[in-house]
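Letter by letter, the chains look like this.
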Amino acid sequence: LFMSTAEQQREVLELVDHPNFKLMLDTVQLAQFDDSVARDIRILGLENIRHVHLGNTVLREKTVGEKSLPGVYSLGRSVCGHIGFREGNLPLLQNLQELAEAGYQEYVTIEICQKAYWLEADRYAREAWELIWGALA
């Protein structure tokens, strides 16, 4: 959790300062911190991003306790994990559009990691693929 925001990632990128050290975007994490793909690309630089976790979740409002934490301790908004692409409320198509508009050419992985999906993993992978393929068409 030491690199939760683009600003924190940029700080570590500059600290390491090595051409082989690159970054990753995670759509669930972006949503937790009320961020967007386009904004992170502006902050990090497209040339520094090599991987995107495309995942969905149900983004919840912050609890009273979460709102009272100073920003440095904030863990962002609550989420329910990485769930099926048709079940969450993240703007996945917008995320894909922002990647395309920026000219992103690197890896994107589908991230569905809840035990509830294990028995029907093929179904959820197919639904994710159909959403992505439909966005590309």
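Residues numbered from 1 in each chain as written. Predicted model: local features only at pLDDT ≥ 70, side-chain atom pairs only at ≥ 80, totals over all residues. Heavy atoms only, no water.

Peer 1: What is the right way to look at the packing of aromatic side chains in this model?
Peer 2: In this description, a pair of aromatic rings is defined by centroid distance and the angle of the planes. In total, this model carries 2 aromatic pairs according to the counting rule given. Seen from their ring centres, Tyr117 and Tyr124 are 4.4 Å apart, and the 80° between their planes marks the pair as edge-to-face. Exposure remark for Tyr117: the relative accessible area of 9% places this residue in the buried category. When the centroid spacing of 5.6 Å and the interplanar angle of 25° are considered together, the rings of Trp129 and Trp133 count as stacked. Linking Trp129 with Trp133, this pair stays in helix H6 (residues 121-136), spanning 4 residues, or about one helical turn. The class for Trp129 is partly exposed, based on a relative accessible area of 47%. (Phe/Tyr/Trp six-rings, centres within 6.5 Å; stacked < 30°, edge-to-face > 60°. Buried < 20%, exposed > 50% of the residue type's maximum accessible area, 1.4 Å probe, protein only. Helix = DSSP H or I, 4+ residues; strand = E, 2+ residues; numbered from the N terminus.)

Peer 1: Would you mind going over the packing of helix H3 (residues 37-44) against helix H5 (residues 92-102) with me for this structure?
Peer 2: Between two packed helices, what matters for the description is the angle formed by their axes and the separation of those axes. Across the interface, H3 lies against H5 with an axial gap of 8 Å and an inter-helix angle of 35°. Judged by residue contacts, Val37, Ala38 and Ile41 of H3 engage Asn95, Glu98, Leu99 and Ala102 from H5. (Axes fitted to C-alpha atoms, helices over the stretch in contact; angles between N-to-C directions. Contact = heavy atoms within 4.5 Å.)

Peer 1: Is there a simple way to explain the confidence of the model for the protein chain in this structure?
Peer 2: When pLDDT drops low, the exact placement of atoms in the prediction is not to be read closely. Here the protein chain shows a mean pLDDT of 88. Residues at 70 or above account for 94%. Per-element mean pLDDT across the protein chain ranges from 75 in helix H4 (residues 64-68) up to 97 in H3. (pLDDT = per-residue confidence, 0-100.)

Peer 1: Is there a simple way to think about H6 in this case?
Peer 2: Here H6 contains 16 residues, and its C-alpha end-to-end distance of 22 Å stays within 8% of the 22 Å for a straight helix at 1.5 Å per residue. Every buried residue belonging to H6 is among Tyr124, Glu127, Ala128, Leu131 and Ile132, and all of these are buried. The buried residues of H6 occupy one face: seen down the axis, they fall within an arc of 125°. Across H6 from its buried face, at more than 90 degrees, point the exposed residues Asp122, Trp133 and Leu136. (Expected span 1.5 Å × (residues − 1). Arc of directions from axis to C-beta.)

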